[in-house]
Amino acid sequence: MTDSGDDTGGLVPAAGGRGSAPARRPPDLVRPATVDDVPAIRAILAAHDNDGPVTFADVVGPYVRHCIAHAIARVTERDGEVIAYGATIDTAVGRHLADLFVRPDLLGHGIGRVLLDAVFGGATRRTTFASADPRALPIYVRAGMAPLWPNLHLRGRGTALPPLDAGLTVEPAEPAGLAALEREWTGADRRVDHAFWGSLAAADGFVVLDRARPVAIGYGRARQVGPERAVDRLVVRPGGEPVGPAIAGLRRAARGGDVAACIPGPHPVLPVLLRAGFRVVDRDQFMASDPDLVDPARLLPNGGML
């Protein structure tokens, strides 16, 4: 995610006639995003290397349309042209900033700050993933969130992962059942998001069992650039041992090939994966208004939706 990174907003004077008061352009319009905005939104995402050619399966398009339909998604419009896009998702533990992108040539003019206020509204429990762009983090701190830990995006061979712990098995599961388990464990009702995760290309919902008792839930899916697969999200039962179920989920998602996943820095599976030859290919910063909103040892988050 990125944005203007400063608080310099307001109207920008245009050239006026000699001796006349400077003309001012109309203020930017912040409005709800619609499906008609998807091409413009994707162009802004691509300008920040968050979208690109679809070589295997489109992931970004369905994600943006899901945010428009089920999140608070807004665009900033200037002279009829979309110049910024933002979205927040209700995760039940708080409101998560999924996206905040300003057209690169307009960074630094307060556009992101105004859009951030629009998508967060009055929510006080806030989370986000701040990109490596140094302009992103300050605006989120000013919005009430503190940097807590890095998320490391890892990629590696599924065949290099350790074997499953004794007693662990993995079974396929439908989104409705996985949503019910998450609701039972955490109180978070994310049925709509589970239905989305289960609808993506080559999606594979699963439950990790320890001697027939559910201990983790998750999804694997295709990646937009393929051919490796990704763990879309994995939740470990509160209080449960996290490493074994995380390995089980990674093995399931990999299907014998390469697999990618977002690993919170404090998660105890991180050193296990690095020893198995997984590489860090990217990183971002988890930020929250309260450090207790998310347990980083029991979540492999979705990169946009937490």
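It should be noted that the structure appears before, not after, this text.
Treat the numbers as computed from the prediction; the structure is a model and nothing was measured.

Undergrad: Can you break down the pairing of strand β11 (residues 213-222) residue by residue, with the values?
TA: Among the 10 residues of β11, 8 are classified as buried, and the element is accordingly described as predominantly covered. Two strands pair when backbone bridges link them, and strand β10 (residues 204-210) and β11 are joined in this way by 7 bridges, in the antiparallel orientation. Pairing of V208 across the sheet is with A216, part of β11. Between β10 and the antiparallel strand that follows it, β11, lie 2 residues; R211 among them carries a positive phi value of about 50°. For β11 and strand β12 (residues 229-236), the ladder comprises 7 bridges, and the chain directions are antiparallel.

Undergrad: Let's hear about the side chain of E182: which residues, and what values?
TA: Examined against the element boundaries, E182 turns out to sit in helix α5 (residues 175-186). Beyond its immediate chain neighbours, meaning those up to four positions away, E182 contacts G187, A188, R190, H194, I217, R233 and V235.

Undergrad: I'd like a description of the pattern of salt bridges, backed by residues and values.
TA: In this structure the tally under the stated criterion is 19 salt bridges. Here R135 ties to D133 by a salt bridge, and the two come within 2.9 Å at their closest N and O atoms. For R135, a relative accessible area of 38% translates into the label partly exposed. A relative accessible area of 18% means that D133 is categorised as buried. Here D189 makes a salt bridge to R191, at a shortest N to O gap of 2.6 Å. The partly exposed category is assigned to D189, whose relative accessible area is 36%.

Undergrad: Outline the layout of surface pockets, listing residues and values.
TA: Empty space within the largest pocket amounts to approximately 1,200 Å³. Considering the residues around the largest pocket, the lining is formed by 39 residues, among which N50, H153, R221, R223 and G303 are closest to the centre. Contributing elements (two or more residues each) for the lining of the largest pocket: α2 (60-70), β6 (95-102), β8 (146-157), β12, β13 (258-264) and β14 (279-288). Among the elements that line the lining of the largest pocket, the one with the most residues is β14, at 4 residues. Considering only residue class, the lining of the largest pocket consists of 20 nonpolar, 9 polar and 10 charged. By volume, the second largest pocket is sized at about 340 Å³. Forming the walls of the second largest pocket are 18 residues, and the residues nearest its centre are V93, T186, L293, V294 and D295. Of all the elements in the fold, those that place two or more residues in the lining of the second largest pocket are α5 and β12. Of the residues that constitute the lining of the second largest pocket, the class distribution is 10 nonpolar, 2 polar and 6 charged.

Undergrad: Pulling in residues and values, what's your account of the environment of L107?
TA: Relative to the elements of secondary structure, L107 occurs in the loop between β6 and α3 (111-120). In this structure L107 comes out as buried when scored by relative accessible area, which is 14%. When the C-alpha atoms of L107 and R135 are compared, they prove to be 9.1 Å apart, with 28 residues separating the residues in sequence.

Undergrad: Can you break down the side chain of T128 residue by residue, with the values?
TA: Within the secondary structure, T128 is located in strand β7 (residues 126-130). Within the structure, the side chain of T128 is placed 3.0 Å from the backbone oxygen of L97, a separation counted as a polar contact.

Undergrad: Give me the packing of aromatic side chains: which residues, what numbers.
TA: Here the structure, examined in full by the defined rule, presents 3 aromatic pairs. Ring plane angle 15° and centroid distance 4.5 Å describe the contact between W149 and F286, whose orientation is recorded as stacked. Placement of W149 in strand β8 and of F286 in strand β14 is noted, with a sequence separation of 137 residues between them. Classification of W149 by relative accessible area gives buried; the value is 9%. Here the aromatic rings of W197 and Y219 are separated by 6.0 Å at their centres, their planes lie at 50°, and the arrangement is tilted. Of this pair, W197 sits in helix α6 (residues 191-197) while Y219 is found in strand β11, placing the two residues 22 residues apart along the sequence. Summarising the burial analysis for this pair, W197 and Y219 share the class buried. Above the plane of the ring of F120 lies R126, whose end atom (NZ or CZ) is 4.3 Å from the centre.

Undergrad: Before we move on, could you go through the pairing of β6 and cite the residues and values that matter?
TA: In terms of burial, β6 is largely enclosed, as 8 of its 8 residues are buried. Relative to β6, strand β5 (residues 81-90) runs antiparallel, the two sharing 7 bridges. Residue pairing for β6: D90 is matched across the bridge by R95. In this structure, the hairpin formed by β5 and β6 is closed by a connection of 4 residues, where A92 is found at a positive phi of approximately 75°. Both β6 and β7 contribute to a ladder of 3 bridges, which runs parallel. Across the sheet, residue L97 finds its bridge partner in β7, namely T128.

Thresholds applied
Residues numbered from 1 in each chain as written. Predicted model: local features only at pLDDT ≥ 70, side-chain atom pairs only at ≥ 80, totals over all residues. Heavy atoms only, no water. Buried < 20%, exposed > 50% of the residue type's maximum accessible area, 1.4 Å probe, protein only. Helix = DSSP H or I, 4+ residues; strand = E, 2+ residues; numbered from the N terminus. Pairing = 2+ DSSP bridges. Contact = heavy atoms within 4.5 Å. Salt bridge = Lys/Arg side-chain N within 4 Å of Asp/Glu carboxyl O. 1 Å grid on protein atoms, 1.4 Å probe; cavity = no way out; pocket = protein on both sides within 12 Å on 5 of 7 lines; lining within 4 Å. Points joined across faces, edges and corners; volume = space filled by probe spheres on them. Nonpolar A, V, L, I, M, F, W, Y, C, P; charged D, E, K, R; others polar. Polar contact = N/O pair within 3.5 Å; in protein donor to acceptor, adjacent residues only side chain to side chain. Phe/Tyr/Trp six-rings, centres within 6.5 Å; stacked < 30°, edge-to-face > 60°. Lys NZ or Arg CZ within 6 Å of the ring centre and 35° of its normal.

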